[in-house]
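Notes for the structure review
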Amino acid sequence: MTTEYRMHMGERKSALSLLDGFKQFAFKGNVIDLAVGVIIGAAFGKIIDSLVKHLIMPFISVVVPAEQAYLSWKWVINGKEVPYGLFLGEIVNFLIVAVALYLFLIKFISFVTRANSEAAAAAPVLTKDQELLTDIRELLSRSSARAA
């Protein structure tokens with residue numbers, strides 16, 4: 001084999017190993033779960049955005065005494081418009097998403113882990129026969145470990 005052929009084969013092997021590494025990364029369950037989470041998160045963001053823009057902020061512009069809807073709320077400084085109504089809508093959007101995440105991540109997950117720990121804590125009490133069998137099993141495992 002020539003040196004040139006060996007170099008070509010080495011480049012080919014490294015390219016194939018790079019491709020194999022990418023396949024292992026891309027098709028792991030965690031990456032697919034992450035992709036699903038991102039898609040669901042984007043859909044959730046659109047729902048919250050619609051809730052804020054079409055329900056909450058129009059209601060606020062009805063309740064707050066003003067002549068214009070929140071989309072038209074602007075300050076004019078030296079001939080430049082500063083649309084603070086849009087900014088307020090985005091703040092409300094953020095607050096709703098933050099509350100929803102808090103309720104899910106903190107409250108729901110702590111509720112689930114608490115329910116799991118209560119189920120684990122409620123393990124049945126061993127009878128006297130079961131305790132004796134457990135002791136015998138431990139003694140046998142210790143004696144087999146010493147013999148090995």
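Residues numbered from 1 in each chain as written. Predicted model: local features only at pLDDT ≥ 70, side-chain atom pairs only at ≥ 80, totals over all residues. Heavy atoms only, no water.

Some thoughts on the overall build of the protein chain
Heads up, the condition is: Only DSSP runs of H or I with at least four residues qualify as helices, and only runs of E with at least two residues qualify as strands; both kinds are numbered from the N terminus onward. Exposure classes here rest on a 1.4 Å probe applied to the protein chains alone. A residue is buried below 20% of its type maximum, exposed above 50%, and partly exposed in between. Throughout, a contact is declared for two residues whenever any of their heavy atoms are within 4.5 Å. The protein chains shown are the only cover counted for residues, whose accessible areas, like all others here, come from Shrake-Rupley with a 1.4 Å probe.
Along the backbone of the protein chain there are four helices and two strands. The secondary structure elements of the protein chain, listed N-terminal to C-terminal, are α-α-β-β-α-α. Relative to its 148 residues, the protein chain shows a buried fraction of 7%. The long-range share in the protein chain, meaning contacts at least 24 apart out of those at least 6 apart in sequence, stands at 38%. Of the roughly 12600 Å² of accessible surface on the protein chain, 69% is carried by carbon and sulfur atoms.

Brief notes about the pattern of salt bridges
Definition in use: When a carboxyl oxygen of Asp or Glu lies within 4 Å of a side-chain nitrogen of Lys or Arg, that pair is called a salt bridge.
Tallying each qualifying case throughout the model produces three salt bridges. For aspartate 49, the salt bridge identified is with lysine 53, shortest N-O distance 3.3 Å. Remark: lysine 53 and aspartate 49 occur in helix α2 (residues 29-63); sequence separation between them is four residues, near one turn of the helix. According to the relative accessible area criterion, lysine 53 is partly exposed, its value standing at 38%.

Focus: the packing of aromatic side chains
The condition that has to hold: Under the pairing criterion, centres of Phe, Tyr and Trp rings, with the six-membered ring standing for Trp, must be within 6.5 Å; the plane angle then separates stacked pairs below 30 degrees from edge-to-face pairs above 60, leaving the rest tilted.
For the structure on display, the rule yields two aromatic pairs. For the pair tryptophan 75 and tyrosine 84, a centre-to-centre distance of 4.5 Å together with 25 degrees between the ring planes defines the contact as stacked. Assessed through its relative accessible area of 25%, tyrosine 84 is described here as partly exposed. Taken together, the ring pairs in this structure connect Trp73, Trp75 and Tyr84 into an aromatic cluster.

Observations regarding the nonpolar core
Stated formally: We define the nonpolar core as a collection of buried residues of types Ala, Val, Leu, Ile, Met, Phe, Trp, Tyr and Cys that are connected through side-chain atoms lying within 4.5 Å of one another.
Formed by Ile48, Val52, Met57, Tyr70, Trp73 and Val92, the largest nonpolar core amounts to six residues. Looking at which element gives the most residues to this core, the answer is α2, with three residues. Setting aside its immediate chain neighbours within four residues, valine 52 contacts Met57, Pro58, Gly89, Val92, Asn93 and Ile96.

Some thoughts on a nonpolar patch on the surface
Stated precisely, the cut-off is as follows: Excluding any residue in a salt bridge, patches collect residues exceeding 30% relative accessible area, merging like charges within 9 Å and nonpolar Val, Leu, Ile, Met, Phe, Trp and Tyr side chains within 5 Å.
A cluster of nonpolar side chains, contributed by Val99, Leu101, Tyr102, Leu103, Phe104, Leu105, Ile106, Phe108, Ile109, Phe111 and Val112, occupies part of the molecular surface with about 1000 Å² of accessible area. Along the chain, phenylalanine 104 falls in helix α3 (residues 84-121). On the basis of relative accessible area, phenylalanine 104 is assigned to the partly exposed category, the value being 45%.

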